[in-house]
Amino acid sequence: MYWIYLIVFTLIVFVPTFVRNGFYFFDMTQTQEFVILLLGSLAFSIFLFMEKKMKSNMAEKYAIQGKASRMSKDLQSSYSYIGEINRKLDILENIAFDYPETSKLSQKNELKLYSSITDAIRLFGKSDEFSLRFVCLPSYEILKEIKSIPENTINFSLKGRKLDVNYYESDDFIVVTSPKTIDNIFSYILIKKKNASQKIEDVEIMKTLAAQALFIFMFRRHENKIKCRQ
């Protein structure tokens, strides 16, 4: 492009040398002026054309860069999603294979039974502060509670609420109950929200976790001599 401007500029400089006669009814000076104007207009037209082409190329470049950036973000999001799914599958697999071979377990091994469930609650609930409770009906007595942060106390009770609603949400808490009771005992997961807009995407899985925890609790109930007062 710059060579074209150089050639046109050189021709303009040598116009007085090459144009020594008039053209039709124009004298020599007027003819030289018109030739210079013509060459200048040609250079300006080439400049406008090249500028328009450059802007078009830049717009196309930015569009490609934007598309590449979106593709990169989508790819990263896909990798993150696949990683999260694999982690969820690993946790669910651990829950499925962590059944005890005997009801006679030490307290340490008993806590280990619940650890895979609490890990899953932490992952699916997207919260570090939660409680897994086992409650006796109709008194709503808490028979056992497993807290993510043992020293924290979460003041909440389901007493007076309908148990046929397995999912409950307020500005401060998310509650997921086991779908069914066993011998008037049910379990529920109590999650303290980080903010009022916090949601749970996998509610059905959370219900499954509550039911799984209830099965383990009932399996250990007689060994631990836990009684439900009517």
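First things first, this report covers the structure right here in the doc. (Residues numbered from 1 in each chain as written. Predicted model: local features only at pLDDT ≥ 70, side-chain atom pairs only at ≥ 80, totals over all residues. Heavy atoms only, no water.)

1. Here we look at the overall build of the protein
Spelled out, the test is: Per the convention used, a helix needs a DSSP run of H or I reaching at least four residues, while a strand needs a run of E reaching at least two, with both numbered from the N terminus. Each accessible area value is a Shrake-Rupley result obtained with a 1.4 Å probe; residue values ignore everything except the protein chains displayed when judging cover.
A count of helical and extended segments in the protein gives five helices and five strands. N-terminal to C-terminal, the α/β element order of the protein is α-α-α-α-β-β-β-β-β-α. For the protein, the exposed area adds up to about 15,600 Å²; of that, 59% sits on carbon and sulfur atoms.

2. Describing the nonpolar core
For clarity, the cut-off: What we call a nonpolar core is a set of buried Ala, Val, Leu, Ile, Met, Phe, Trp, Tyr and Cys residues that are connected through their side-chain atoms within 4.5 Å. We call a residue buried when its accessible area falls under 20% of the maximum for its residue type, exposed when it is over 50%, and partly exposed in between, using a 1.4 Å probe and counting protein chains only.
Core analysis: the biggest nonpolar cluster contains 29 residues, and Leu132, Phe134, Ile189, Met206 and Leu209 have the highest contact counts within it. Looking at this core, the elements that each hand over two or more residues are helix H4 (107-125), strand S1 (130-136), strand S2 (141-147), strand S4 (173-177), strand S5 (185-192) and helix H5 (203-224). Top contributing element to this core by residue count: H5, with nine residues. Core analysis: the second largest hydrophobic core is formed by eleven residues, Val135, Ile154, Val175 and Phe186 among them.

3. What about the side chain of Thr118?
What counts here: Under the rule applied, a polar contact is a pair of N or O atoms within 3.5 Å (in protein, one hydrogen donor and one hydrogen acceptor; residues adjacent in sequence only if both atoms are side-chain atoms). Any pair of residues with heavy atoms lying within 4.5 Å of one another is described as a contacting pair.
Along the chain, Thr118 falls in helix H4. A polar contact of 2.8 Å, which involves the side chain of Thr118, links it to the backbone oxygen of Ser115. Not counting chain neighbours up to four residues away, the residues in contact with Thr118 comprise Phe130 and Ile146.

4. What to know about the environment of Ala43
Among the secondary structure elements, Ala43 is positioned in helix H3 (residues 28-97). You can call Ala43 buried: its relative accessible area is 17%. Note: C-alpha distance between Ala43 and Ile7 (36 residues apart in sequence) is 9.6 Å.

5. Concerning the pairing of S5
The side chains of a regular strand alternate, residue by residue, between the two faces of the sheet. In plain terms, the rule: Note on pairing: two strands pair once DSSP finds at least 2 bridges between them.
The buried fraction of S5 is high, at seven of eight residues. Where S1 lies against S5, seven bridges are found, and the strand directions are antiparallel. For Leu132, the partnering residue across the bridge sits in S5 and is Ile189. Both S4 and S5 contribute to a ladder of five bridges, which runs antiparallel.

6. Observations regarding the pairing of S1
Among the seven residues that make up S1, seven are buried, leaving the element largely enclosed by the rest of the structure. For S1 and S2, the ladder comprises six bridges, and the chain directions are antiparallel. Bridge pairing in S2 places Cys136 opposite Glu141. Taking the residues between adjacent antiparallel strands as the criterion, S1 and S2 are bridged by four residues, where Tyr140 takes a positive phi near 60°.

7. Section: the sheet that holds strand S3 (residues 167-169)
Selection rule: A fitted line through C-alpha atoms serves as each axis, taken over the contacting stretch for helices, and the angle formed by two N-to-C directions is quoted from 0 to 180°.
Read from one edge of the open sheet, five strands run S2-S1-S5-S4-S3, paired in antiparallel fashion. The sheet is open, and its two edges are formed by S2 and S3, each paired on a single side. Within the sheet, the average angular offset between the axes of one strand and its neighbour, ignoring direction, is 20°. Note that S3 and S4 share three bridges and pair antiparallel.

8. Thoughts on the packing of aromatic side chains
Using the following cut-off: In summary, the pairing rule links any two rings of Phe, Tyr or Trp, Trp by its six-membered ring, whose centres are within 6.5 Å, and it sorts them by plane angle into stacked for under 30 degrees, edge-to-face for over 60 and tilted for everything else.
Applying the stated criterion across every chain yields a total of six aromatic pairs. With a centroid separation of 5.3 Å and 50° between ring planes, the pair formed by Phe156 and Phe173 is classed as tilted. Residue Phe156 is found in the loop between S2 and S3, and its partner Phe173 is found in strand S4; the two are separated by 17 residues along the sequence. The pair Phe156 / Phe173 is uniform in exposure class, with both members buried. Measuring from ring centre to ring centre gives 6.1 Å for Phe186 and Tyr188, while their planes differ by 25°; the resulting arrangement is stacked. Take Phe186 and Tyr188: they sit in the same class, and that class is buried. An aromatic cluster of three or more residues is present, and its members are Tyr114, Phe134 and Phe217.

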